[in-house]
Amino acid sequence: MTKCILDEKRNGGCSACNAHCQHYIALHGLSGTGGRIGSAGLPKDYRNITLANSPVKASQSAIYESLGRYADTFGSDDVKSVYLWSDSPGTGKTSTAAGLINAYIARTYYEALLKDVQPPQLLAYFLDVNAWQELYTGFTRPNIPKDIAEKSSEPYYRQMERAKMAPFAVLDDLGVRDATDGFRGDLHTIINYRVSNGLPTIYTSNLPIEEMATVFDARLYDRIRDQCGVIHFKGVSHRGRR
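Residues numbered from 1 in each chain as written. Predicted model: local features only at pLDDT ≥ 70, side-chain atom pairs only at ≥ 80, totals over all residues. Heavy atoms only, no water.

Once that is clear, we can look at the overall build of the chain. Along the chain, the regular secondary structure elements total nine helices and five strands. Ordered by position from N to C terminus, the α and β elements of the chain give α-α-α-β-α-β-α-α-β-α-β-α-α-β. Whereas a compact globule of 242 residues would reach a radius of gyration of roughly 18 Å, the chain reaches 18 Å, a difference of no more than 12%. Over its C-alpha atoms, taken along the principal directions, the chain stretches across nearly 55 × 40 × 35 Å. Taking all 242 residues of the chain together, 49% fall into the buried category. Partitioning the intrachain contacts of the chain with sequence separation of at least 6 by distance along the chain shows that 75% fall at a separation of at least 24. Counting only carbon and sulfur atoms, one obtains 48% of the accessible surface of the chain, whose full area is about 11,900 Å². Treating the 28 positive side-chain charges of the chain as one cloud and the 26 negative ones as another, the clouds have centres 5 Å apart. (Helix = DSSP H or I, 4+ residues; strand = E, 2+ residues; numbered from the N terminus. Rg over C-alpha atoms; globule rule 2.2 N^0.38 Å. Buried < 20%, exposed > 50% of the residue type's maximum accessible area, 1.4 Å probe, protein only. Contact = heavy atoms within 4.5 Å. Areas by Shrake-Rupley, 256 points an atom, 1.4 Å probe, with all protein chains shown as cover. Lys, Arg positive; Asp, Glu negative; His and termini not counted. Charge placed at Lys NZ, Arg CZ, Asp CG, Glu CD.)

See below:
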């Protein structure tokens, strides 16, 4: 897998670059865990996935052809949201979402350089909704000591703000479990802000989009489907094949 998401945008790729390449550091950090990819919150296993090297590209070729055209809209004022879903886990939704977020970061960074402007540090954000909900439970369940509650509440609200404000975002694993009114309200705040401000979002779920009305409520479902294309992933699990 390539060490830099700019590999496909440079003649000859990035293989000749060393670890001190200014663009590599700007995107990945000197250690490979920072930079704009680090700010995006991508899990370690997904940081270098692109639409070209994705482990599920071959098995989901028609979908990837369509998403290639979608990625071509990055940098324009007409970037829509997309809902990726499948009947079972492991079909490549998260890998695909990672490929899209990296494509957006690479394209936005590259175009900023062409315009001789400094790219923002936060170009996109990946929110694991299931893990985020665990943080919520960590400070809202009864009889939690204050110091322990603060360890969950601080990252919870930090992630919420980044997911809300990022120019491009992935909300991964929607609808994994039941949600309280409070958590549902915070999730609606993120989605409503993004929809209202025309900020494109990639959603992933193991449920068809219509079931969001049952898992959450009709109001949240209505906001998710607004200006959003739906793509159904078929096939068997690809987990463990990266």
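Of note in the backbone geometry, aspartate 173 takes a positive phi value of approximately 70° without being a glycine. Its location among the elements puts aspartate 173 in strand E3 (residues 169-174). Residue class for aspartate 173 comes out partly exposed when judged on its relative accessible area of 25%. Its identity is not glycine, yet glutamine 227 carries a phi of approximately 55°, on the positive side.

If you trace the five strands from one edge of the open sheet to the other, you get E2-E3-E4-E1-E5, paired in parallel fashion. The outermost strands of the open sheet, each flanked by one partner alone, are strand E2 (125-128) and strand E5 (228-233). Strand-to-strand twist in this sheet, taken as the mean axis angle between neighbours without regard to direction, amounts to 15°. Here six bridges tie strand E1 (residues 81-86) to E5, and the two strands are oriented parallel to one another. (Pairing = 2+ DSSP bridges. Axes fitted to C-alpha atoms, helices over the stretch in contact; angles between N-to-C directions.)

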